[in-house]
Every structure is written in C-alpha cells, then in structure tokens.
Amino acid sequence: WPIDCREVFDSARGAADKAYCLKACFVEGFRFDPSGLALDREWALSLDPAFHFALHAARAAVSDAKLSSSVRGRTGVIIGQLVLPSDSASAWGRELLLPVFERDALGLPPSRPAARTSPVNRFVAGLPAGVLAKAFGLGGGSMTLDAACASSLYALKLAMEELRAGRADAMLAGGVARPESLYTQMGFAQLRALSPSGAPSPFDAAADGLVVGEGAGMFILKRLCDAERDGDRVRGVLVGGGLSNDVGGSLLAPNSVGQLRAMRAAYKESGLSPSQIDFVECHATGTPTGDPVEVHSLKTLWGERGWTPGQCAIGSVKSNVGHLLTAAGSAGLMKVLLAFEHETLPPNANFRTPNPSAGLEGSPFRVPVAVVPWVLRDAKTPRRAAL
C-alpha cells in the first residue's frame, strides 16, 4: 500500500513547484548485503541504492539458475534503468557544487571541495549493467537502456534476440527503478498524472492517476532446449515479443496505433492468436485516459468475433506495487510467472466499478476481484498469458 513520501518534500511545500500528493510505494527496511559478490565490499556499499536493488534482484535470479563457468562467460546483461538523478548522484552534485556557489556569493576564489559521496554514482544511468556483469562474472556483454516504462520489456526482447542469434548462451535481463523521489513526484505532479488520492486503481471509475513505485526485477533467460538440458526450473516460456514507437502518442495519451503495432508483431512471432490467451497483464497505470486507450487497443486486436464475453482476465500489478517505471515490465512478468506457479488468476486491487470509458462490458475481458483457480482449457493446452 502507498506510504507517505520521504521527508524531502517538507522543504518543498512553500515553493512555487509543489507535489500535490505525498504518497508513493516505497521499499522499506531493505539492507544490501554485498557478501559473495565479486566486488570490493566497501566499494559496493558506496554505490547508490539503485545499484543495490539491481544486485539484490540479480543475485536471486543467478542463484536460481544453473550457470556453469563456461555459460557465465557467454551470459550477457541487458537491463532497463531510469535516467533521472538518484539519491547518491544528487548528493554528489550538491557536495561538489553548492560550496562553489556559496564561495562565489561571498566573493571568495573557487575551491574544489572533497565529496563524501562516491563519484562513481554519477554514472548511475549507464553503469548498473556493467556492475552486474562484474559481480557475477558474466562475460557476454552488458547494456543499460532507458525506454521509459517499456524499458524492462525492451531488455527482455533484446535478450531473446541475443539468444536466438547464438551470440549468448544465457542472458540476465530485467529492470530497476530507484530515482530520488523528489524528481518523480514533482515531475508527475507537473504533468498532472499523479494520483491525488494516492490509491492506484487501474480500470476503475475512480482512477485519478498513477502512484510511483520503486524496485527491481531480474530474470535469467536461456534457449528452452538448453534450459531443459541443464535441468533448470522453467518458470515460463517467452514465445514472442514486439517493439514499436507510439509516434503519435505522448506521455499521458498513448497511441492505440503504436500499441497495436507492437502487439501484432508479438503475436505474429509467437504463432498464437489473441483468443488463445487466458490472462493479459496490462500496462494500465490508473490514469483516466491511458487505461481506456489500452483496453480499446486490446478490443481492436481481438476483433469482433471468435470469443465469448469475459473469457480473458486482465489486470495490472500497479494496483499492488505502484508504477515501477523502468522496472514496470519486470513487476508484471513476475506477477504472470507467480500466477503460473500457483495456478491462480490474481485479483486487481482497488477495482470496484469499471471505468465507463474503457467499454469492458460485453468485451472479451474481465477484471478479477477475487483469487480464482486458473483452470486449464484442456489437458493439452498450457496456461498462456500476454504482457
């Protein structure tokens, strides 16, 4: 559930720019443990919390997989990371620049102060993937990208292509988001996209905006034949993915044409039709305009026939953990994989009355409000989901 924001907002209340909601979904009580990583302990501890989130999640993924030394040498890293100032990058900037401005205001000669924050944190936008590669001895190349809210899905798709092309034997892919909260809270407030109520309510008539979350999600991907050969636990099989740009969309008004371009590419690659999907984990952030556009895109994709009303469940993990930005897709994939594992269709939190603009009534889609068993269609058909 959303909790009150960090105290940084107390000093902003009297300023011209204001955050009109002081709630977000933060990770509380997290303590980073550098043990077992191929990193200098003190150097690792000096890194920004964004690095710590990524390392913690990646360690769980790597330990769950069977990666021999030869496979690690051909394991690449592609992750999404938000290119906004972090706690440590902001602290480093303040330590470096504020004394200069203060001396200038007093007419004193410039002097370079000694920063207390590790200067490596100024590379928080691009360095995390490289740190992950070093920490776990992964020699297949590394890349950090920012494709906004699509970042972790971009990472997964690009990782799939590395495996298909034979350039890697395994990939660590996912996303992390842990910016300094002042930037996201103030930025979304200025866009009028932040939820005044502080309640993430995707698809609901009372939805009044998004609630920012933070976290990380990492996955080990292998070619299915290799995973089965190595005796890995296969949690799910990615059968297709599609990338596109909205072109005609904006930050707050996504473009249905762009969404359909990506979804159709994914279904073409997978060889599946939309009606073969039991559950769709949506992007749905809880904004009154964005959610209906996404439902409209899904309805167009499914077409006018070949389905029965309410046959496919839809949901958004943002109703549980907020909008994780560059890690949003990772959170959604985790939800899908856990739903597979527990053979359960998860409910959508904060859903009571459907958004009338979405047109869910009489559509192929329903929003579960209670935990229900995910029943197989027949003995030969596996559970299938779209993300």
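Please refer to the structure placed before this passage.
Predicted model only: the values in this text are computed from it and were never measured.

(A) Inspection of the sheet that holds strand E6 (residues 215–221) at higher detail. Ordered in space as E4-E3-E5-E6, the four strands form an open sheet in which the pairing is mixed. Sheet topology places strand E4 (142–145) and E6 at the edges, where each strand pairs with a single neighbour. This sheet shows a mean twist of 15 degrees between the axes of neighbouring strands, independent of strand direction. The pairing of strand E5 (residues 170–177) with E6 spans seven bridges and is antiparallel. Each residue of the ladder has a partner; that of Val176, found in E6, is Ala216. Here helix H2 (residues 49–64) sits on the sheet and contacts strand E3 (75–81), E5 and E6; the angle it forms with E6, its principal contact strand, is near 35 degrees. Contacting E5 and E6, helix H12 (residues 328–342) runs over the sheet at an angle of about 60 degrees to E6.

(B) Up close: the nonpolar core. In terms of nonpolar packing, the biggest core is built from 33 residues, with Leu55, Val77, Leu132, Phe136, Leu172 and Met218 touching the most fellow members. Here this core gets nine residues from one element, more than from any other, and that element is H2. For Met218, the residues in contact, after removing those within four places along its chain, are Ala54, Ala57, Ala58, Ala61, Ile79, Leu132, Leu172, Ala173, Gly174, Gly175, Val176 and Met334. Core analysis: the second largest hydrophobic core is formed by 19 residues, Trp302, Ile314, Ala358 and Leu360 among them.

(C) Main features of the packing of aromatic side chains. Under the counting rule described, the total for this entry stands at four aromatic pairs. With a centroid separation of 5.2 Å and an interplanar angle of 85 degrees, the aromatic rings of Phe30 and Phe53 are classed as edge-to-face. With Phe30 in the loop between strand E2 (23–24) and helix H1 (41–45) and Phe53 in helix H2, the pair connects residues that are 23 residues apart, well separated along the chain. Judged by relative accessible area, Phe30 falls into the partly exposed class, the value being 24%. What makes Phe53 buried here is its relative accessible area of 8%. On the basis of an interplanar angle of 70 degrees and a centroid distance of 6.2 Å, the ring pair of Phe279 and Trp374 is categorised as edge-to-face. Of this pair, Phe279 sits in strand E7 (residues 279–281) while Trp374 sits in the loop between strand E11 (372–373) and strand E12 (385–386); the two residues are 95 residues apart in sequence, bridging distant segments of the chain. For Trp374, a relative accessible area of 3% corresponds to the buried category. Ring-pair connections join several aromatic residues into one group, and the members of that group are Phe279, Phe340 and Trp374. When the ring centre of Phe53 is taken as origin, the NZ or CZ atom of Arg178, which lies over that ring, is 6.0 Å away.

(D) Structural detail: the packing of H2 against helix H5 (residues 128–136). Where H2 contacts H5, the axes come no closer than 10 Å and their chain directions differ by 45 degrees. It follows that H2 is oblique to H5 by the angle criterion. Remark: the crossing between H2 and H5 carries right-handed chirality. Where H2 approaches H5, its residues Phe51, Ala54, Leu55, Ala58, Arg59 and Val62 are matched on the opposing element by Pro128, Val131, Leu132, Ala135 and Phe136. Along the lines of polarity and charge, the residues of the contact of H2 with H5 split into 10 nonpolar, no polar and one charged.

(E) Region of the structure containing helix H9 (residues 256–270). Over its 15 residues, H9 extends 21 Å from the first C-alpha to the last, a length consistent with the 21 Å expected when each residue adds 1.5 Å. Lining the buried residues of H9 we find helix H10 (290–302) and E12. For H9, the N-terminal cap is Asn255; the gap from its side-chain oxygen to the backbone nitrogen of Val257 is 3.0 Å. Remark: Gly271 follows H9 within two positions and exhibits a positive phi of approximately 80 degrees.

(F) Representation of the pattern of salt bridges. Summed over all chains, the structure comprises 21 salt bridges. Taking the shortest distance from any N to any O, the salt bridge between Glu161 and Arg164 comes out at 3.0 Å. On the criterion of helical spacing, the pair formed by Glu161 and Arg164 is a turn pair, its members being three residues apart in helix H6 (residues 151–164). Overall, Arg164 belongs to the partly exposed group, its relative accessible area being 43%. Bridged by salt links that share partners, the residues Arg74, Asp169, Lys222, Arg223, Asp226, Arg229, Asp230 and Asp232 form one connected network.

(G) Structural detail: the side chain of Thr75. Looking at the element boundaries, Thr75 is found in strand E3. Thr75 has contacts with Leu67, Leu138, Gly139, Gly140, Gly141, Ala170, Met171 and Leu172, leaving out every residue within four places of it along the chain.

Thresholds applied
- Residues numbered from 1 in each chain as written.
- Predicted model: local features only at pLDDT ≥ 70, side-chain atom pairs only at ≥ 80, totals over all residues.
- Heavy atoms only, no water.
- Pairing = 2+ DSSP bridges.
- Helix = DSSP H or I, 4+ residues; strand = E, 2+ residues; numbered from the N terminus.
- Axes fitted to C-alpha atoms, helices over the stretch in contact; angles between N-to-C directions.
- Contact = heavy atoms within 4.5 Å.
- Core = buried A, V, L, I, M, F, W, Y, C linked by side-chain atoms within 4.5 Å.
- Buried < 20%, exposed > 50% of the residue type's maximum accessible area, 1.4 Å probe, protein only.
- Phe/Tyr/Trp six-rings, centres within 6.5 Å; stacked < 30°, edge-to-face > 60°.
- Lys NZ or Arg CZ within 6 Å of the ring centre and 35° of its normal.
- Parallel < 35°, antiparallel > 145°, perpendicular 65-115°, else oblique.
- Left-handed = near helix turned anticlockwise from the far one by under 90°.
- Nonpolar A, V, L, I, M, F, W, Y, C, P; charged D, E, K, R; others polar.
- Expected span 1.5 Å × (residues − 1).
- Polar contact = N/O pair within 3.5 Å; in protein donor to acceptor, adjacent residues only side chain to side chain.
- Salt bridge = Lys/Arg side-chain N within 4 Å of Asp/Glu carboxyl O.

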